Amino acid sequence: MAKELACRKCKIIIPSSGRVCPSCGGTDLSIDWSGLIVLSNPDKSQVAKQLDFTKPGRYAIKVS
C-alpha cells in the first residue's frame, strides 16, 4: 500500500497519487509525516483553532 502524502504548507493529507494539494494548491508534498487529526467541524474545535486548521479533513501534526 502506498503511503499518503502531507502538504508541507497546510498539512492536509492526500493520496499518494496526488501531485497538487487540493486545499492550498501547494506542490511541496512529503511522505515523511506523523500524527493524525481528523476534523469534521473545525469551527467548533479548539484544537483546530490552535493549529490554524480551517477546513474539514485529515491533517498531519508534523511534516518533515
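Residues numbered from 1 in each chain as written. Predicted model: local features only at pLDDT ≥ 70, side-chain atom pairs only at ≥ 80, totals over all residues. Heavy atoms only, no water.

**Quick word on the nonpolar core**
Membership of the largest hydrophobic core is limited to twelve residues, which are Leu-5, Cys-7, Cys-10, Ile-12, Ile-14, Cys-21, Leu-29, Ile-37, Leu-39, Ala-48, Phe-53 and Tyr-59. Elements with a contribution of two residues or more to this core: strand 1 (5-7) and strand 4 (33-39). Those residues in contact with Ile-14 that lie beyond four places of it in its chain are Glu-4, Leu-5, Val-20, Pro-22 and Leu-29. (Core = buried A, V, L, I, M, F, W, Y, C linked by side-chain atoms within 4.5 Å. Buried < 20%, exposed > 50% of the residue type's maximum accessible area, 1.4 Å probe, protein only. Helix = DSSP H or I, 4+ residues; strand = E, 2+ residues; numbered from the N terminus. Contact = heavy atoms within 4.5 Å.)

**A look at the environment of Ala-60**
Looking at the element boundaries, Ala-60 is found in strand 5 (residues 57-63). For the pair formed by Ala-60 and Ile-12, sequence separation is 48 residues and the distance between their alpha carbons is 6.3 Å.

**Details of the sheet that holds strand 3 (residues 29-30)**
Whether parallel or antiparallel, the strands of a sheet pair through hydrogen bonds between backbone atoms. One open sheet accounts for three strands, arranged 2-1-3; its pairing is antiparallel. Strands with a single pairing partner mark the edges of an open sheet, and in this sheet they are strand 2 (13-14) and strand 3. Across two bridges, the pairing between strand 1 and strand 2 is antiparallel. Its bridge partner lying in strand 2, Ala-6 is registered against Ile-13. (Pairing = 2+ DSSP bridges.)

**Some remarks on the pattern of salt bridges**
Charged atoms that come close allow side chains of opposite charge to pair. Enumeration according to the criterion identifies two salt bridges in this entry. Two residues, Glu-4 and Arg-58, come together in a salt bridge whose shortest N-O distance is 2.9 Å. One end of the pair, Glu-4, is in the segment before strand 1; the other, Arg-58, is in strand 5, with 54 residues separating them in the sequence. In this structure Glu-4 comes out as partly exposed when scored by relative accessible area, which is 25%. For the salt bridge of Arg-8 with Asp-28, the shortest nitrogen-to-oxygen distance reads 2.7 Å. On the criterion of sequence distance, the pair formed by Arg-8 in the loop between strand 1 and strand 2 and Asp-28 in the loop between strand 2 and strand 3 is long-range, its members being 20 residues apart. (Salt bridge = Lys/Arg side-chain N within 4 Å of Asp/Glu carboxyl O.)

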